[in-house]
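Single-letter residue listing:
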Amino acid sequence: MAVLQVRLFPDPILRQRALKVTQFNAKLAQLAGDMVETMEAQRGVGLAANQVGVLQRLCVVKPEDWDEPLVLVNPEVIRREGEREVEEGCLSLPGYRGMVNRAVRIRVRYQDLTGKQLRLKADCILAQAIEHETDHLNGILYIDHLIAHDQFFRIHVNEEGDVEYLPTGEPDAAELEAAARRMHQPSAGGSVPQFDPTSGRTASRGAGDATAAD
Ligand code: ZN
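Residues numbered from 1 in each chain as written. Predicted model: local features only at pLDDT ≥ 70, side-chain atom pairs only at ≥ 80, totals over all residues. Heavy atoms only, no water.

Evaluation of the coordinates by the stated rule reveals 3 aromatic pairs. For the ring pair tyrosine 96 and phenylalanine 152, a centre distance of 5.1 Å and an interplane angle of 5 degrees mean the geometry is stacked. In this pair, tyrosine 96 is assigned in strand S5 (residues 96-102) and phenylalanine 152 in strand S8 (residues 152-157), connecting sequence segments 56 residues apart. What makes tyrosine 96 buried here is its relative accessible area of 2%. According to the relative accessible area criterion, phenylalanine 152 is buried, its value standing at 3%. Taken together, the ring pairs connect Tyr96, Tyr142 and Phe152 into an aromatic cluster. (Phe/Tyr/Trp six-rings, centres within 6.5 Å; stacked < 30°, edge-to-face > 60°. Helix = DSSP H or I, 4+ residues; strand = E, 2+ residues; numbered from the N terminus. Buried < 20%, exposed > 50% of the residue type's maximum accessible area, 1.4 Å probe, protein only.)

Once that is clear, we can look at the coordination of the zinc ion. Surrounding the zinc ion are the protein donor atoms Cys90 (SG), His132 (NE2) and His136 (NE2), at 2.0 to 2.3 Å. Look at where the donors of the zinc ion fall in the sequence and you get C-x41-H-x3-H. Residue cysteine 90 is located in the loop between strand S4 (84-88) and S5, and its partner histidine 136 is located in helix H2 (residues 124-137); the two are separated by 46 residues in the primary sequence. Just as cysteine 90 is buried, histidine 136 falls in that class too. (Donors = N, O, S within 2.8 Å, 3.2 Å for Na, K, Ca; no water.)

What follows is about helix H1 (residues 26-41). A rise of 1.5 Å per residue sets the reference length of H1, with its 16 residues, at 22 Å; its end C-alpha atoms lie 22 Å apart and thus fit the reference within 8%. Along H1, the residues that are buried comprise Leu28, Leu31, Ala32, Gly33, Asp34, Met35, Val36, Thr38 and Met39. Buried residues along H1 sit in contact with strand S1 (46-48), strand S2 (58-61) and strand S3 (70-81). Of the residues flanking the end of H1, it is arginine 43, one or two places downstream, whose phi is positive at about 55 degrees. (Expected span 1.5 Å × (residues − 1). Contact = heavy atoms within 4.5 Å.)

Within the span of helix H3 (residues 173-183), buried status applies to Leu176, Ala179, Ala180 and Met183. All buried residues of H3 project into a common sector of 105 degrees when viewed along the axis, lining one side. Across from the buried face of H3, at angles greater than 90 degrees, the exposed residues are Ala174 and Arg181. On its buried side, H3 packs onto S5. A side-chain oxygen of the first residue of H3 lies 3.2 Å from the backbone nitrogen of alanine 174; this N-cap is aspartate 172. (Arc of directions from axis to C-beta. Polar contact = N/O pair within 3.5 Å; in protein donor to acceptor, adjacent residues only side chain to side chain.)

If you want it as structure tokens, here you go:
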């Protein structure tokens, strides 16, 4: 397995709709394995194939407290219930977070790596991550769902390890690249929170029990 390069906003592939997977073969399993490794290396909770430059409807998710990742092929959210405000980040927009509305509970239909049809009910971080990743497969980013323009922040981890939120306008290309470089040097620039889009450290922002997805 290999760690793949994560495409950064505004890479146009992030705005393209991925194609349905029809071949359930070793190549697909290899891609899924590489995506899991990439997600774990960058401490993300999820990753969609567009983010590694492949336009196939495939994503992987792994909430922090899970041992095994979940691989979803051709995922489709078939039901959404409720609404909640959550904080969210994305490995393709390192160093930023924003507040978005997500469903409380979802039901998703997907296939596994053998092509078997499956269904899943999800809530909390798993639901958020699956909504985030299925959006990616449709060329949608979380910044499209911001509750308000000013609910988008640059984040900075200070010396105490606290996350500071700096109001920002648009994502800045130079900043994204710098943050992406830091992702590959975990010793520099603080630890987890910066790159863990989920983190669940939203209490101070009054966002309920929400956490973010990647
Ligand atoms: Zn993302």
